[in-house]
Amino acid sequence: MNALRRQLLIAAAAGLALARAPAYAGESRLRQGVEYRDIPPQPVPAGPRIEVVEFFWYGCPHCNLLQPFLEQWLRKKPADVEFRRVPAIFRQSWIAHARLFYTLEALDELERLHQAVYRAIHTEGKRLDSADTATEWAVQNGIDKAKFIAAYDAPEVARKVEQAIAQTRSYQIEGTPSIVVDGRYVTSSSMSESYAGVVVIVDDLVRLARERRPKAT
């Protein structure tokens with residue numbers, strides 16, 4: 001089976017699974033310590049919007065399997081939800097993938113190539129865990145070599161990597177993928193019976209966050 005057909009089948013399965021996924025009926029069915037856990041409240045730069053943050057690692061097979069469900073969720077997420085990604089960093093070997101993420105972001109190539117990184121690693125068997133392998137892959141995907149290297153080595157990318165390390169700690173991330181809602185609630189693939197169930201829980205946590213926010217006067 002070629003890579004394109006495999007991705008199409010995964011996407012189709014995502015749609016079917018989401019349609020069949022069990023719904024959690026609001027706060028009464030969301031069990032703290034089961035479907036989610038609390039963390040010390042973190043700053044929410046989205047302001048009045050509810051922030052959803054995906055902590056991921058490109059090399060994580062569970063993150064890869066979550067992607068079709070998460071991408072489908074993003075296409076229909078509530079209007080008052082702001083989404084962002086943070087590469088989780090638990091060890092030195094994860095830094096190269098974080099640098100790749102922030103390099104693509106700096107070059108405005110993230111939307112085009114974020115999912116392509118997952119395919120390269122999990123379908124095509126590439127590692128992309130060094131500057132050389134990441135640069136070679138980027139050039140193969142239409143990015144100018146000199147521009148990629150300059151961005152990869154830029155102080156701004158290094159600063160964002162340090163921020164990702166700090167956020168992995170401050171958000172008390174224990175594994176990947178983890179999704180934080182409104183800087184207060186964390187769920188993950190290990191807290192759901194399925195990958196489709198992760199985004200169902202996220203939707204319910206968004207509703208929970210909305211209910212618990214102070215009402216405007």
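Next up on the list: the environment of Ile173. Position of Ile173 among the secondary structure elements: in the loop between helix 7 (155-170) and strand 4 (178-181). Remark: the alpha-carbon pair of Ile173 and Phe56, spanning 117 residues in sequence, is separated by 10.0 Å. Look past the residues within four positions of Ile173 in its chain and what remains in contact with it is Arg37, Phe55, Phe90, Thr168, Ser178 and Val180.

The next subject is the packing of helix 2 (residues 61-75) against helix 8 (residues 195-212). Each pair of packed helices can be described by the angle between their axes along with the distance between the axes. Interhelical geometry of helix 2 versus helix 8 gives an angle of 50 degrees and a closest axis separation of 8 Å. In terms of orientation, helix 2 lies oblique with respect to helix 8. Judged by the sense of rotation from one axis to the other, the crossing of helix 2 with helix 8 is right-handed. On the side of helix 2, the interface is formed by His62, Leu65, Leu66, Phe69, Leu70 and Trp73, while helix 8 contributes Tyr195, Ala196, Val198, Val199, Val202 and Asp203.

Now for the pattern of salt bridges. Enumeration over the complete set of coordinates arrives at 13 salt bridges. Between Glu174 and Arg37 there is a salt bridge, with its nearest N and O atoms 3.9 Å apart. With Glu174 in the loop between helix 7 and strand 4 and Arg37 in strand 1 (residues 37-38), this residue pair connects regions lying 137 residues apart in the sequence. Of the residues examined, Arg37 reaches a relative accessible area of 15% and is grouped as buried. With a shortest N-O distance of 2.8 Å, Glu71 and Arg85 are connected by a salt bridge. On the criterion of sequence distance, the pair formed by Glu71 in helix 2 and Arg85 in strand 3 (residues 81-87) is long-range, its members being 14 residues apart. For Glu71, a relative accessible area of 23% corresponds to the partly exposed category. Among the ionic contacts, a cluster of salt bridges with common partners joins Glu54, Glu71 and Arg85.

The rules behind each value
- Residues numbered from 1 in each chain as written.
- Predicted model: local features only at pLDDT ≥ 70, side-chain atom pairs only at ≥ 80, totals over all residues.
- Heavy atoms only, no water.
- Helix = DSSP H or I, 4+ residues; strand = E, 2+ residues; numbered from the N terminus.
- Contact = heavy atoms within 4.5 Å.
- Axes fitted to C-alpha atoms, helices over the stretch in contact; angles between N-to-C directions.
- Parallel < 35°, antiparallel > 145°, perpendicular 65-115°, else oblique.
- Left-handed = near helix turned anticlockwise from the far one by under 90°.
- Salt bridge = Lys/Arg side-chain N within 4 Å of Asp/Glu carboxyl O.
- Buried < 20%, exposed > 50% of the residue type's maximum accessible area, 1.4 Å probe, protein only.

Without other data, these values stay purely geometric and don't point to any function.
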